[in-house]
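# Summary of the model geometry
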Amino acid sequence: MASDQEPALAALLLGKMSQAGEQGVELTVTEDTALGPVSVLTPRELVTVVGNLIDSAIDAKESEQPWVEVTVRDSDEVLIVRVADSGSGTSPETLRTAMTRGNSTKADSRGLGLALVTQIVNRHGGELTTALTYGSVLLASIPSGDRS
């Protein structure tokens, strides 16, 4: 899991594991999730991005044995936050709509989470994308290059 140099992220992940478990969702953090201080986001921004992507994945539970898998990696080139889940996926068009404040991937909800994620990702020159692989995937990629 996250190193002790990112206590806010570690606390968030532990809390989300508990929340997911209460909702019958198995949440795992991949073994390659390891980072020291994040080069491009503040702790608050990192918690906002990771937390809202996890919340979206937990909400997408559709299978009998729902799962969510989280990866956070920071390198000299890019910060990657990847959240995969057992849901049926989000089309690029639906994601574009959900990235706007007040819209949601859920029919009965007015969304804010993905709009906040998008705002942070865009502020740092990154990109939020969706894919369907072994499950549904939301991927935030943020360049870690020199910001001066």
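Heads up: these notes are all about the structure in this document.

What counts as what
- Residues numbered from 1 in each chain as written.
- Predicted model: local features only at pLDDT ≥ 70, side-chain atom pairs only at ≥ 80, totals over all residues.
- Heavy atoms only, no water.
- Salt bridge = Lys/Arg side-chain N within 4 Å of Asp/Glu carboxyl O.
- Helix = DSSP H or I, 4+ residues; strand = E, 2+ residues; numbered from the N terminus.
- Buried < 20%, exposed > 50% of the residue type's maximum accessible area, 1.4 Å probe, protein only.
- Axes fitted to C-alpha atoms, helices over the stretch in contact; angles between N-to-C directions.
- Parallel < 35°, antiparallel > 145°, perpendicular 65-115°, else oblique.
- Left-handed = near helix turned anticlockwise from the far one by under 90°.
- Contact = heavy atoms within 4.5 Å.
- Nonpolar A, V, L, I, M, F, W, Y, C, P; charged D, E, K, R; others polar.
- Pairing = 2+ DSSP bridges.

This next bit is on the pattern of salt bridges. Tallied over the full model, the rule gives four salt bridges. Linking lysine 16 and aspartate 55 is a salt bridge whose minimum nitrogen-to-oxygen distance equals 2.5 Å. Here lysine 16 is found in helix 1 (residues 7-22), whereas its partner aspartate 55 is found in helix 2 (residues 43-59), with 39 residues between them in sequence. One salt bridge in this structure joins glutamate 45 and arginine 123, with 2.6 Å as the shortest N-O distance. Remark: arginine 123 occurs in helix 4 (residues 113-123) and glutamate 45 occurs in helix 2; sequence separation between them is 78 residues. Judged by relative accessible area, glutamate 45 falls into the buried class, the value being 11%.

To continue, consider the packing of helix 2 against helix 4. Orientation of helix 2 relative to helix 4, taken along the N-to-C sense of each, is 140 degrees, at an axis distance of 9 Å. For the element pair helix 2 / helix 4, the angle class is oblique. When the axes of helix 2 and helix 4 are compared, the crossing they make is left-handed. Across from Glu45, Thr48, Val49, Asn52, Leu53 and Ser56 in helix 2, the residues of helix 4 making contact are Gly113, Leu114, Leu116, Val117, Ile120 and Arg123. Taken together, the residues that form the contact of helix 2 with helix 4 break down as six nonpolar, four polar and two charged.

Of the pairings in the sheet, the one linking strand 3 (residues 78-85) to strand 5 (residues 136-143) comprises eight bridges and is antiparallel in character. Across the sheet, the residue bridging to leucine 79 is isoleucine 142, located in strand 5. Pairing geometry for strand 4 (residues 127-132) and strand 5, over six bridges, is antiparallel. Note that in strand 5 the partner of threonine 129 across the bridge is leucine 139.

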